[in-house]
Amino acid sequence: MKQYGFSEGRVKSFLITVLLFGMLLLSRNTLISTSLLGFYRSQFLMILLIFLMAALFLILNWNDLKCIFTDKRIIIAVGICGIVMLPMIVKRDWQMMYLSILMCLMFAVFLTFFVSYKDVAKVYVVSIAVLSAYSVVATYGLRLLPDSGLLSVPVFTNTNNVEFYNFGLAFVSQSYVKNRNFGIFREPGVYQYFLLLALFLNNFTISWQKTSKCWLINGILTVTMLTTMATGGFVELGILAVILFFHKKLYRSRTACLIVAAGFIIGLIGVGMIIRQRGQLYWELYGMFVSKFLPGEESGIDRVNSILTNAMYFIRNPFAGETVSEVLYSVQNNTSSTTILFAILGLFGGSLNIAAWFALVWKREQGIMTNLGLLLVLFMSFNTQNLVADVFFWLIPTMALIERGIPLLERLKQRSVEHGA
């Protein structure tokens, strides 16, 4: 699959990093977009970034415009537009969410013209690692300065009337669940998805020249995941750790086994101290792992209702789905991203997203159990939150689908021609 020129190597890397980092900060699930700048201003800035990069790309490839606009990816883009927009037209459901989802998909198609999904994955992982390290420092270190009156820090209130210290690239809750790490995101449950995706990409997509870099990033992301205190994040992290332990054959390494044993013992000691002290941290953990699973607990009921209700809407109208407002507001918190897509976009829209995640994850050399385990972990991570209109829910999987799909289709076409001859 052809990639077109885009400036010099270092300049290209810098521009892509700025673009993706800016998109990450402005994505609709950050506190920047929901509370500081506001949703519409953030969306405008995000669209502006995309258009500026697109304009620069077209200018630099002026002589190849005919090839670009007749590329197979344009046909794919048209097909995607049909998958997303036809349900809206058929239902006459004039909601901006369809356009938001389409923008995410078109951005992914656009990037494939000049950068690979593995390069995008590397920029994403490094960006999340940097933000993660800073968020831990801000949540448990920098916050002590304004708490003790030694430093004046800007404070803002989110849409749920929770006050946060603004440390620039990290936001720290002043009192409400103040021990939980929000990073730049609207809640820790959203943060866990971005962290889990980065952990997956770091270990199963990116090829680092030095393995030490991979494990350093693993350490940063793991510590950050633990500080989110997101129940789903803890479960996903545990399953991913088991998959890594066996896939990379770490059980053959005495050092790795000792590290695992030491981490387990330290964890037990830490939990014991927290239980003994019975402070705020204890009650936050109690809410995560005990009260959340008690009969009649709201969080669990909402998640089950989300899946069942979305499935009902899909069965009722499997090709066009139901209206956005009916789906999203049918239960108190509709959080299952996969089933939301089937309920809103129907069979083709929901299947497009599943196919993209399969394209990103599934590799023959990894073995069936590893592939299925990774898919399970990733689907768990984004089915506890509604992320269907977030750029980073679609970006890397869609790029992988295009990069792996086009060569596959070309090979199948070639075989059919040979058999026909």
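Residues numbered from 1 in each chain as written. Predicted model: local features only at pLDDT ≥ 70, side-chain atom pairs only at ≥ 80, totals over all residues. Heavy atoms only, no water.

Student: Would you explain the side chain of aspartate 93 in this entry?
Tutor: Following the sequence through the fold, aspartate 93 ends up in the loop between helix H5 (72–91) and helix H6 (96–111). In this structure the side chain of aspartate 93 is engaged in a polar contact, spanning 2.7 Å, whose partner is the side chain of tyrosine 98. Apart from the residues within four sequence positions on either side, aspartate 93 is in contact with Met88, Tyr98, Thr323 and Val324. (Helix = DSSP H or I, 4+ residues; strand = E, 2+ residues; numbered from the N terminus. Polar contact = N/O pair within 3.5 Å; in protein donor to acceptor, adjacent residues only side chain to side chain. Contact = heavy atoms within 4.5 Å.)

Student: What's the story with the layout of surface pockets in this structure? I'm lost.
Tutor: With a probe scaled to a water molecule rolled over the atoms, the places where space remains empty come into view. Its volume calculated, the second largest pocket comes out at about 1700 Å³. Taken together, 41 residues line the second largest pocket, and the ones lying closest to its centre are Thr222, Leu226, Leu237, Gly263 and Phe264. Among the elements of the structure, helix H9 (188–204), helix H10 (211–228), helix H11 (231–247), helix H12 (254–277) and helix H13 (280–289) are those that each provide at least two residues to the lining of the second largest pocket. When residues in the lining of the second largest pocket are grouped by element, the largest group, 13 residues, is from H12. Of the residues assigned to the lining of the second largest pocket, the class counts are 30 nonpolar, eleven polar and no charged. (1 Å grid on protein atoms, 1.4 Å probe; cavity = no way out; pocket = protein on both sides within 12 Å on 5 of 7 lines; lining within 4 Å. Points joined across faces, edges and corners; volume = space filled by probe spheres on them. Nonpolar A, V, L, I, M, F, W, Y, C, P; charged D, E, K, R; others polar.)

Student: What should I look at first to understand the sheet that holds strand S3 (residues 171–173) in this one?
Tutor: Consider a sheet: its strands pair through backbone hydrogen bonds, and that pairing is either parallel or antiparallel. If you walk across this open sheet you meet the three strands as S1-S2-S3, and the pairing is antiparallel. In this open sheet, the two strands that pair with only one neighbour each are strand S1 (155–157) and S3. Along the sheet, successive strands turn relative to each other by an average axial angle of 35°, direction set aside. Where strand S2 (residues 163–166) and S3 come together, three bridges link them in antiparallel fashion. Bridging from a neighbouring strand, asparagine 166 pairs with phenylalanine 171 of S3. (Pairing = 2+ DSSP bridges. Axes fitted to C-alpha atoms, helices over the stretch in contact; angles between N-to-C directions.)

Remember, this is a structural readout, not a statement about activity or role.
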